[in-house]
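# Geometric and topological summary
Residues per chain are reported as follows:
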Amino acid sequence: MSRRKKIYEGKAKILYEGPEPGTLVQYFKDDATAYNAEKKATIDGKGVLNNRLSEFFMKGLGQIGVPTHFIKRLNMREQLIRAAEIIPLEVIVRNFAAGSMARRLGMEEGTPLPRPIVEYSYKDDALGDPLVPEEYIVAFGWASQQDLDDIVALALRVNDYLSGVMYGVGIRLVDFKIEVGRIWEGDFMRLIVADEISPDSCRLWDIETGRKLDKDVFRRDLGDLADAYTEVARRLGVMPSNVTHPPTRPTPIN
Ligand code: TMP
């Protein structure tokens with residue numbers, strides 16, 4: 001059997017050469033890491049759930065005209081994507097204070113923000129993905145000012161879409177991270193949403209109970225991560241039929 005060429009292996013995903021030029025196969029692992037990989041675990045079924053959930057969100061974005069790298073899901077753990085040149089930034093959108101913003105500013109988690117706030121971390125594991133101002137991004141040539149204007153517009157469209165979809169199933173989108181890539185169509189460069197959109201890269205709180213349904217369950221030892229992700233998938237109607245992790249408890253009726 002011929003082995004596929006591995007292009008890149010990250011903490012939660014592997015990229016393989018795709019079947020055609022300009023494509024890649026994105027494989028979702030069960031590995032979970034937090035605090036810059038100081039905390040690690042394997043969570044049965046996480047990769048399957050994130051493959052499905054990322055497919056769901058990327059397809060939904062495509063349907064409202066937001067360009068993404070997603071082409072099609074190939075199997076339980078893999079999807080075919082467009083190869084893009086990743087801009088080395090974590091683009092973070094926040095609707096409520098939480099995580100590093102709450103710590104940095106001494107705010108209570110869950111405090112509503114006056115408007116969605118977009119911020120950037122420089123993607124560098126060795127440095128712990130430091131927060132960087134636009135000034136650095138433009139000065140160091142990671143993206144132009146025009147790119148940044150387009151990235152903010154893209155990120156806010158993703159925020160509107162994701163907030164609405166989540167609100168529809170009783171979940172508050174507290175914050176999330178996307179990565180943005182460049183693709184070329186002839187002489188034209190386009191920015192597209194890349195990487196993944198999943199509970200690994202969002203903060204999702206149940207609106208009624210405040211229950212955390214995202215990677216904070218793992219970061220903060222709050223229970224079973226696969227259980228939380230399964231609940232998100234179930235509410236969105238994207239629950240795969242043959243995932244091998246414990247069944248979700250029924251949602252209590254209030
Ligand atoms: P933070 O509060 O730790 O800065 O994270 C904000 C949001 O961005 C949260 O939903 C987690 C997500 N995020 C990632 O998924 N990967 C990252 O490397 C960073 C910095 C944030």
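The local shell around the ligand holds 15 residues, among which E90, R94, S100, D175 and R203 are the closest. One of the side-chain nitrogen or oxygen atoms of R94 is found 2.8 Å away from an oxygen atom of the ligand. In the model, an oxygen atom of the ligand is placed 2.5 Å from a nitrogen or oxygen of the S100 side chain. When the ligand is considered free in solution it has 450 Å² of accessible area, and contact with the protein chains removes 83% of it. Residues belonging to the shell around the ligand are distributed by class as follows: 4 nonpolar, 3 polar and 8 charged.

On to the side chain of E231, then. For E231, the location among the structural elements is in helix α6 (residues 225–236). Accessibility expressed as a relative area gives 1% for E231, which makes it buried. At a separation of 2.8 Å, a polar atom in the side chain of E231 contacts the side chain of R235.

What follows concerns the packing of helix α1 (residues 46–63) against helix α4 (residues 145–168). Contact geometry for α1 and α4: axes closest at 11 Å, N-to-C directions at 120 degrees. With respect to each other, α1 and α4 are oriented oblique. The crossing of α1 and α4 is right-handed. Along its contact with α1, which presents F56, F57, G60 and L61, the element α4 presents V158, Y161, L162, V165 and M166. Looking at the contact of α1 with α4 residue by residue, the class counts come to 8 nonpolar, 1 polar and no charged.

Glancing now at the packing of α1 against α6. Look at α1 against α6: their axes get within 10 Å of each other, and the N-to-C directions meet at 30 degrees. By the angle between their directions, the pair α1 and α6 is classed as roughly parallel. Crossing angle aside, the handedness with which α1 passes α6 is left-handed. Together, K46, L49, N50, L53, F56 and F57 of α1 and L225, A226, Y229, T230, V232, A233 and L236 of α6 make up the contact between the two elements. Looking at side-chain class alone, the contact of α1 with α6 contains 10 nonpolar, 2 polar and 1 charged residues.

Moving on, we get to the confidence of the model for the protein. Per-residue pLDDT for the protein averages 94, and the proportion of residues at 70 or more is 93%. Taking the mean pLDDT of every element in the protein, the minimum, 96, falls on strand β4 (residues 31–34) and the maximum, 99, on strand β9 (residues 89–96). Between residues 246–254, whose pLDDT stays under 50, and residues either more than four places distant or in other chains, the model counts 10 contacts.

With 12 residues, α6 should cover 16 Å at 1.5 Å per step; its first-to-last C-alpha distance of 17 Å lies within 8% of that length. The buried fraction of α6 is high, at 10 of 12 residues. Within the span of α6, buried status applies to L225, A226, D227, A228, Y229, T230, E231, V232, A233 and L236. If you follow the buried residues of α6, they end up packed against α1, α4, β12 (171–185), β14 (202–206) and α5 (216–219). A side-chain oxygen of the first residue of α6 lies 2.9 Å from the backbone nitrogen of A226; this N-cap is D224. Backbone geometry just downstream of α6 places G237 in the positive-phi region, at approximately 75 degrees.

About the criteria used
Residues numbered from 1 in each chain as written. Predicted model: local features only at pLDDT ≥ 70, side-chain atom pairs only at ≥ 80, totals over all residues. Heavy atoms only, no water. Near = heavy atom within 4 Å. Polar contact = N/O pair within 3.5 Å; in protein donor to acceptor, adjacent residues only side chain to side chain. Areas by Shrake-Rupley, 256 points an atom, 1.4 Å probe, with all protein chains shown as cover. Nonpolar A, V, L, I, M, F, W, Y, C, P; charged D, E, K, R; others polar. Helix = DSSP H or I, 4+ residues; strand = E, 2+ residues; numbered from the N terminus. Buried < 20%, exposed > 50% of the residue type's maximum accessible area, 1.4 Å probe, protein only. Axes fitted to C-alpha atoms, helices over the stretch in contact; angles between N-to-C directions. Parallel < 35°, antiparallel > 145°, perpendicular 65-115°, else oblique. Left-handed = near helix turned anticlockwise from the far one by under 90°. Contact = heavy atoms within 4.5 Å. pLDDT = per-residue confidence, 0-100. Expected span 1.5 Å × (residues − 1).

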